[in-house]
Structures are given as structure tokens and as C-alpha cells.
Amino acid sequence: VANPTQLEAACEDFMVDAIDEARQALKTHSPGAKVELLPVFGNHDRKTSFSIYRFLYAWYRNVDDVITPLDADERVYRQYKDWFISATHGDVSKKTMRRMPEIMMQEARGINADTERMILYHGHLHEEVIKVQSGIKRHQAPSPADPDRYDNRNAYVNNPKVLPGHVLYGNGPDDQFL
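Cut-offs and rules
- By convention here, each chain's residues receive numbers from 1 onward along its written sequence.
- Owing to the predicted nature of the model, reporting of local features is limited to residues with pLDDT of at least 70; listing and counting of side-chain atom pairs is limited to 80 or more, with chain, interface and lining totals taken over all residues.
- For side-chain calculations, the full set of non-hydrogen atoms in the structure is used, while hydrogens and water are omitted.
- Whether two strands pair depends on DSSP finding at least two bridges between them.
- Put simply, DSSP H or I for four residues or longer makes a helix, DSSP E for two residues or longer makes a strand, and each gets a number counted from the N terminus.
- Helix axes use the C-alpha atoms of the stretch in contact, all axes being lines fitted to C-alpha atoms, and the angles between their N-to-C directions lie in the range 0 to 180 degrees.
- What counts as a ring pair is set by centres within 6.5 Å for rings of Phe, Tyr and Trp (its six-membered ring), and what kind of pair is set by the plane angle: stacked under 30 degrees, edge-to-face over 60, tilted for all other angles.
- Only protein chains enter the accessibility calculation, which uses a 1.4 Å probe. A residue is then buried if its area is under 20% of the maximum for its type, exposed if over 50%, and partly exposed in between.
- A positively charged side chain is recorded as over a ring if its NZ (Lys) or CZ (Arg) lies within 6 Å of the ring centre. The angle to the ring normal must also be within 35 degrees.
- For the purposes of these results, a polar contact is taken to be a pair of N or O atoms within 3.5 Å, where, inside protein, one atom must be able to donate a hydrogen and its partner to accept one; residues adjacent in sequence count only when each atom of the pair is a side-chain atom.

Caption draft 1: Just the sheet that holds strand β3 (residues 75-80), in detail. Strand order in the open sheet formed by 5 strands is β3-β4-β5-β7-β6, with mixed pairing between adjacent strands. Pairing within the sheet leaves two strands with one partner each, and these edge strands are β3 and β6 (129-133). Direction aside, the axes of adjacent strands within the sheet are offset by 20° on average. Note that β3 and strand β4 (residues 83-88) share 6 bridges and pair antiparallel. Looking at β4, one finds that Q79 is bridged to F84.

Caption draft 2: How the structure looks around the packing of aromatic side chains. This model, assessed by the stated rule, comprises 2 aromatic pairs. Pairing F55 with W59 gives two aromatic rings, centres 5.6 Å apart and planes at 25°, and the pair type is stacked. One end of the pair is F55 and the other is W59, both in helix α2 (residues 46-60) and 4 residues apart, which spans about a single turn. W59 sits in the partly exposed class, given a relative accessible area of 44%. Taking the centre distance of 5.9 Å and the plane angle of 65° together, the rings of Y77 and F84 count as edge-to-face. Seen from the ring of W59, R23 lies directly overhead, with NZ or CZ sitting 3.9 Å from the centre.

Caption draft 3: Main features of the side chain of R78. Take R78: it is sitting in strand β3. Judged by its relative accessible area of 14%, R78 falls in the buried class. Only 2.4 Å separates the side chain of R78 from the side chain of E36, close enough to count as a polar contact.

Caption draft 4: How the structure looks around the pairing of strand β7 (residues 136-140). Among the 5 residues of β7, 4 are classified as buried, and the element is accordingly described as predominantly covered. In this structure, strand β5 (residues 117-122) lies alongside β7, joined through 4 bridges in parallel fashion. Along β7, the bridge assignment pairs L120 with R138. When β6 meets β7, the two strands line up antiparallel, connected through 5 bridges. Bridged to K131 within β7 is R138. The hairpin turn running from β6 into β7, its antiparallel successor, is 2 residues long, and S134 in that turn takes a positive phi close to 50°.

This is a description of form; function is not addressed.
If you want it as C-alpha cells, here you go:
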């Protein structure tokens, strides 16, 4: 059992590691390419993930090749070439998650009308799953967080701890979405 000081230190270590991982990913995957970060905040660690993103926002705010919007919405929508991209944490009911394609199309009609392919990124369940649902490629991302009680009960404890990132390429190496 950890005491409050140990828990605070663990949270700080997690934040520093997450920031370093994100900065390293940007450096590795986007040399010379324009990149946009999509802020998606967790349910158990919303303050921590928001703080990490605010740090990245401040770090990159004057860097022309890195776009850091200050969205704090539950779902984020973007268009990249003919891709309709949505990101959400995913802590909704299974019924709502099954309706995500419909929700995406309703909430971002303009993007939906201008695109041919759809992709949804979400997490929440701490395990990686990639599948096509109602014509939308769905990436359920693993988590950088330690296993919690739910993970332990459902045997998700051996999942790798990662900070997921994805690259969608357009017409060339200088044209990508991370």
C-alpha cells in the first residue's frame, strides 16, 4: 500500500515520462512534416492528461510544424485529405460506442461530406483492438497507465504500457498526420 507521498511521486513520474515519450515521438515521426496533436483526456486521470497536453501546447505553441489546438471536448474531429478522423477517450456505454459512426456523422457533418474514409481512435479499456465497424476503422488504443482494479479483474495486466500514436500518410513523406 502506497502512502500519499509515494502516490504523488508516481503521478509526477508518469507525467514526466508521458511528456518525454510524446516529445520523442514527435521528433522521430515528424522531422520537417506538419503534425497536429489531438487532445483526448482520460476519465480517471483527466487532470493529469490535461496537464500533460497543456505542457505540450506550451512547448510547441511557437513551432510552425506542430499544431496544438486547445480543444477540451469529449470528442475531437479533424479532416486530413480524404480521412474523417475522430478521437475520444471512449468511456461511454457499449451501446453508445456502437453508435459512434452515427454520432461522428451527425456531429461533424461538414467533414463527413468532404471525406471518403473514416477512422476512430479511442482508449478506455487499456487493451489494443483494431477492427472495422460500420465502415469505420476503429483503433482501440492501449494505455500508458498502470493496470487498475478493472484491468486486474479482467486479466488485462499483461498489456504493454504505451503512449499510442498513429501516422496517416497522404501523398508523400512530407504529408502526414500523426
